[in-house]
2 protein chains.
Amino acid sequence: MEIRQLRTFRVVADNLSFTKASKILYMAQSSVSAQIKLLEEDLNLKLFDRIGRNIVITDAGQKLYSYARKIEDMTKEIRSEVSNSQQAQGSLTIRAPETIASVYMPDIVKEFHRDNPQVKLNLINCTDLQLKEELNSGRIDLAFVMTDSINFTDVNVKMLKTENLILMSHLENKLSKKKSVLFKDLAGESLLLPSTD
Amino acid sequence: MEIRQLRTFRVVADNLSFTKASKILYMAQSSVSAQIKLLEEDLNLKLFDRIGRNIVITDAGQKLYSYARKIEDMTKEIRSEVSNSQQAQGSLTIRAPETIASVYMPDIVKEFHRDNPQVKLNLINCTDLQLKEELNSGRIDLAFVMTDSINFTDVNVKMLKTENLILMSHLENKLSKKKSVLFKDLAGESLLLPSTD
DNA sequence: ATCAAACTATCGTTTATAACGATTTATATA
DNA sequence: TATATAAATCGTTATAAACGATAGTTTGAT
């Protein structure tokens, strides 16, 4: 029994859904399944009845729920009372292309602000070719870029996600007749692409 | 912050010693160090002041202590109230050679009995060449053996430890004059060995 | 003053655990 | 009956924990 598992259990219980919980907790549904399974094995009982494609919390689950909440609350209390890490404060400046910002950032910003109300977030849209220099100078704290060839030396880089590149054309464009399109077929076409990505 | 870490912290705090805690928790001292370090980094504060070869709990550590106890107690409460795993009961029959039993078993038996007061432990001294058959028949539940060549098929085998074999002889024995002894040097000597190990 | 003993910290490695993505299975719903 | 939805399972990868060995300190004894 670990706090991580109890928290996962609590979120599942709140939503009565493994899938929703996995989204809230930003992890794979299979991982939620695995954690609940571990907890059930540890306590040697069922926490949820799987009825069709829904789940219902069991009596034992109900009992565990209040304990899980208490323990979760207690950890928050610990962090606020024991820890001398006063709430993070200051500002965080992030550079991200609009395409990324509009899709991914809303949820992230919302959550971040909930957890760090005293941190001011500065989001700068569109990328910049001077990224490395900007990062090193401290003008920006982190950046998201869309590329497959980053090899900065003094900067931490982490691959987060891969995206497919989709070609869309007018129905009357000759390309829309073809079953598959090669790069060379694009010669001479006007392309609408995210600016500096 | 995980329950495991809080428990380790509590034991360290109770004993004011990483080393003692590691023995109580049956883990390496380096692992205790690592867990406390993780906890300190997580909470962003020092839990113990390292004064020479001793440690002293800090104010923050003192505060955390009561929370850690509460959470630990709560997990016990969960197990007794929520879990339907009634205390393990029954009996467990173990075969182990005296040499192992006398050195390792006392502590293990003590702890096991604390955690499982309703389980009767049967320790059978000395090994037996019919181990596999005994295990399969259920006459014994588990066995400790000293050997380096176990390849039973229907039995779970796990290597727990390696032990050095030490040669001791009377001072007047000719072997005690030699700097190193080979197996062939033992020819013709009477050897005192653990019976069937 | 020096040595040995007692502790914690650190390092590199191994092992165990957790997370993941893809797929399967089961069940509602259209 | 096909489709969509949700949880379980499986094989793989990535992350975290534990380990043993040893370095680095400090204390106490000689």
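In what follows, the accompanying structure is described. All figures in this text were calculated on a predicted structure; none of them were measured in a lab.

## Regarding helix α1 (residues 3-15) of chain A
Point 1. Helix length check: α1 of chain A (13 residues) gives 18 Å between terminal C-alpha atoms against 18 Å at 1.5 Å per residue, within 8%.
Point 2. Looking one or two residues beyond α1 of chain A, the residue adopting positive phi is leucine 16 of chain A, at roughly 45°.

## As for unusual backbone geometry
All names here are of chain A.
Point 1. In the Ramachandran plot, leucine 16 falls in the positive-phi region, its phi being about 45° despite a non-glycine side chain.
Point 2. Position of leucine 16 among the secondary structure elements: in the loop between α1 and α2 (18-24).
Point 3. The phi torsion at asparagine 44 lies on the positive side, around 60°, for a residue other than glycine.
Point 4. Given 12 C-beta atoms within a 10 Å radius, asparagine 44 is considered exposed.

## Examining the relation of the copies chain B and chain A
Point 1. Here chain B sits on chain A after a turn of 180° about the axis and a move of 0.1 Å along it, with an RMSD of 0.2 Å. Here the symmetry operator amounts to a two-fold rotation axis.
Point 2. The fraction of interface residues of chain B whose copies in chain A are also interface residues reaches 100%, indicating that both copies meet through the same surface.

## Topic: the environment of asparagine 173 of chain B
Residue and element names in this part refer to chain B.
Point 1. Along the chain, asparagine 173 turns up in the segment after β5 (142-143).
Point 2. By C-beta crowding, asparagine 173 is classed as exposed, having 11 other C-beta atoms within 10 Å.
Point 3. For the pair asparagine 173 and glutamate 189, spaced 16 residues apart in the sequence, the C-alpha separation amounts to 9.6 Å.

## Details of helix α5 (residues 98-115) of chain B
Point 1. The end-to-end C-alpha distance of α5 of chain B, which contains 18 residues, comes to 24 Å, matching closely the 26 Å that a straight helix rising 1.5 Å per residue would cover.
Point 2. Of all bends in α5 of chain B, the biggest is about 55°, found at methionine 105 of chain B, and the proline proline 106 of chain B comes one to four residues later.

## Some thoughts on the protein's contact with DNA strand D
Point 1. Every one of the 20 residues lining DNA strand D counts as a neighbour, but Thr19 and Ser30 of chain A together with Met27, Ser30 and Gly52 of chain B are closest to it.
Point 2. When residues of the surface near DNA strand D are traced back to their parent elements, those giving at least two are α2 and α3 (29-43) of chain A together with α3 (29-43) of chain B.
Point 3. Counting residues per element, the surface near DNA strand D draws most heavily on α3 of chain B, at five residues.
Point 4. Here the surface near DNA strand D is built from residues that sort into six nonpolar, nine polar and five charged.

## Looking at the nonpolar core
Point 1. Counting 40 residues, the largest nonpolar core has Phe9, Val12 and Leu64 of chain A together with Phe9, Val12 and Leu64 of chain B as its most contacted members.
Point 2. Looking at this core, the elements that each hand over two or more residues are α1, α2, α3 and α4 (59-82) of chain A together with α1 (3-15), α2 (18-24), α3 and α4 (59-82) of chain B.
Point 3. With residues near it in sequence (within four places) discarded, leucine 64 of chain A still touches Phe9 and Leu47 of chain A together with Ile78 and Val82 of chain B.

## Quick word on the interface of chain B and chain A
Point 1. With 21 residues of chain B in contact, the opposing surface of chain A contributes 21 residues.
Point 2. Elements with a minimum of two residues in the side of chain B that touches chain A: α1 and α4 of chain B.
Point 3. Element by element, the count of residues in the side of chain B that touches chain A is highest for α4 of chain B, at 11 residues.

## Comments concerning the sheet that holds strand β4 (residues 119-125) of chain B
Residue and element names in this part refer to chain B.
Point 1. The strand order across the open sheet formed by three strands is β4-β3-β5, and the pairing between neighbours is parallel. Of all strands in the sheet, those bounded by a partner on one side alone are β4 and β5.
Point 2. In terms of strand pairing, strand β3 (residues 90-96) meets β5 through two bridges, oriented parallel. Within β5, the residue paired with arginine 95 across the bridge is alanine 143.
Point 3. Sitting on the sheet, α5 touches β3 and β4, and the angle it makes with β4 is about 175°.

Cut-offs and rules
Numbering of residues starts from 1 in every chain and runs along the sequence as written. As a convention, the first chain written is A and the first ligand written is 1, with the rest following in written order. For a predicted model such as this one, the threshold for reporting local features is a pLDDT of at least 70, and the threshold for listing and counting side-chain atom pairs is 80 or more; totals across whole chains, interfaces and linings nevertheless cover every residue. Numbering of helices and strands runs from the N terminus; a helix is a DSSP stretch of H or I covering at least four residues, while a strand is a stretch of E covering at least two. Given the number of residues in a helix, its expected span is that number minus one, multiplied by 1.5 Å. Exposed residues have 12 or fewer other C-beta atoms within 10 Å of their own C-beta, buried residues have 20 or more, and partly exposed residues fall in between, where C-beta atoms are placed from the backbone. Superposition of the copies used a least-squares fit over C-alpha atoms from residues whose pLDDT is at least 70 in both. For the purpose of contact definition, each residue receives a C-beta atom placed from its backbone, and two residues are in contact when these atoms lie within 7 Å. What is called the bend at a residue is the angle between a pair of axes, fitted to the seven residues leading up to and ending at it and to the seven starting from it. Put plainly, near means the residue's C-beta atom, positioned from the backbone, lies within 6 Å of the molecule or strand in question. Three classes are used: nonpolar for Ala, Val, Leu, Ile, Met, Phe, Trp, Tyr, Cys and Pro, charged for Asp, Glu, Lys and Arg, and polar for all others, with Gly counted as polar. Nonpolar cores are identified as sets of buried Ala, Val, Leu, Ile, Met, Phe, Trp, Tyr and Cys residues joined via C-beta atoms within 7 Å. Pairing between strands is defined by DSSP: at least two bridges between them are needed. Convention adopted: a line fitted to C-alpha atoms gives each axis, helices being fitted over their contacting stretch, and angles between N-to-C directions are expressed from 0 to 180 degrees.

From the geometry alone we can't say anything about function, so treat these as descriptive.
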